[in-house]
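Observations on the model geometry
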Amino acid sequence: MTRITVKVDGSSFTDEVEPRTLLVHYLREQLGKTGTVIGCDTGNCGSCTVHLDGRSVKSCSLLAVQADGHEITTIEGLATNGQLHPMQQAFHENHALQCGYCTPGMIMQSIDLLADNPNPSDDDIRHGIEGNLCRCTGYQNIVKAVRAAAAGGAQ
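A brief report on the enclosed structure follows. Predicted model only: the values in this text are computed from it and were never measured.

As a further point, take the side chain of Ser56. Structurally, Ser56 is set in strand S4 (residues 55-58). According to the relative accessible area criterion, Ser56 is buried, its value standing at 18%. Within the local environment of Ser56, its side chain forms a polar contact with the side chain of Gln109, the two groups lying 2.8 Å apart. Leaving out residues up to four positions away in the same chain, Ser56 has contacts with Thr49, Val50, His51, Met108, Gln109 and Asp112.

See the structure below:
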């Protein structure tokens, strides 16, 4: 077992983890952050995307021990004081989900995209989310939501 200390959604945690524990499993099983979903478990679908020190990472491709000393934000840490993050609100208002399985990862990746490019074109958005898959093929409304969030100044 290895001791790690992380800050997740604003709270600090120190835990013992197996060195081979994936970050997504640590978040879900030890911290109860089940909003971060497991899709492919191989880093291909992006549904497990979280922010590590403000940048998007696929938590199924990162060991929990690699997150030691870092700050993690999950989909559950975005809303503040009962208010959805502007990207969450844009996804809601633009019907940017069908089954919703990819939605947490799409939102986290889209926030990262706007941090780099606050005024993306549709092509920029599609390129920026290309590592995240929507198996329902709802990309048009996802692009529309990201564009709306960008227009509203979301980052």
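Moving on, there is more to tell.
Once that is clear, we can look at the sheet that holds strand S2 (residues 11-17). What links the strands of a sheet is backbone hydrogen bonding, and the strands pair in either a parallel or an antiparallel sense. Strand order in the open sheet made by the five strands is S2-S1-S5-S3-S4, with mixed pairing throughout. In this open sheet, the two strands that pair with only one neighbour each are S2 and S4. Looking at each pair of strands side by side, their axes are set apart by 40° on average, direction ignored. Both strand S3 (residues 49-52) and S4 contribute to a ladder of four bridges, which runs antiparallel. Within S4, the position partnered with Thr49 by the bridge is Lys58. Across the sheet, helix H1 (residues 23-30) is in contact with strand S1 (2-8), S2, S3 and strand S5 (71-73); its angle to S2 comes to roughly 110°. Seen against the sheet, helix H3 (residues 103-116) touches S3, S4 and S5 and runs at an angle of roughly 40° to S3.

Going through the model one piece at a time under the given rule, you end up with zero disulfides. Free cysteine: Cys60, not disulfide-bonded; nearest cysteine sulfur from Cys48 at 3.6 Å. Free of any disulfide, Cys134 has its nearest cysteine sulfur in Cys102, 4.0 Å distant.

Moving on to the pairing of S1. Pairing of S1 with S2, which is carried by seven bridges, proceeds in the antiparallel orientation. Considered in S2, the bridge of Ile4 is made with Asp15. Linkage of S1 to S2, two consecutive antiparallel strands, is achieved through a turn of two residues, within which Asp9 is found at a positive phi near 50°. Taken together, the two bridges between S1 and S5 define a ladder with parallel strand orientation.

Let's shift gears to the packing of helix H2 (residues 86-93) against helix H5 (residues 139-151). Interaxial distance between H2 and H5 falls to 8 Å at its minimum, and their mutual angle equals 135°. Here H2 lies oblique to H5, going by the angle between them. As for the relative orientation of H2 and H5, their crossing is right-handed in sense. Two secondary-structure elements touch here, H2 through Pro86, Met87, Ala90 and Phe91 and H5 through Ile142, Ala145, Val146, Ala148 and Ala149. In terms of residue class, the contact of H2 with H5 is made up of nine nonpolar, no polar and no charged.

Axis separation between H3 and H5 bottoms out at 11 Å; the angle between their running directions is 45°. Here H5 runs oblique to H3, going by the angle between their axes. At the point where H3 passes H5, the crossing takes the right-handed sense. Judged by residue contacts, Met106, Ser110, Leu113 and Leu114 of H3 engage Tyr139, Ile142, Val146, Ala149 and Ala150 from H5. The class makeup of the residues in the contact of H3 with H5 is eight nonpolar, one polar and no charged.

Thresholds applied
Residues numbered from 1 in each chain as written. Predicted model: local features only at pLDDT ≥ 70, side-chain atom pairs only at ≥ 80, totals over all residues. Heavy atoms only, no water. Helix = DSSP H or I, 4+ residues; strand = E, 2+ residues; numbered from the N terminus. Buried < 20%, exposed > 50% of the residue type's maximum accessible area, 1.4 Å probe, protein only. Polar contact = N/O pair within 3.5 Å; in protein donor to acceptor, adjacent residues only side chain to side chain. Contact = heavy atoms within 4.5 Å. Pairing = 2+ DSSP bridges. Axes fitted to C-alpha atoms, helices over the stretch in contact; angles between N-to-C directions. Disulfide = S-S within 2.5 Å. Parallel < 35°, antiparallel > 145°, perpendicular 65-115°, else oblique. Left-handed = near helix turned anticlockwise from the far one by under 90°. Nonpolar A, V, L, I, M, F, W, Y, C, P; charged D, E, K, R; others polar.

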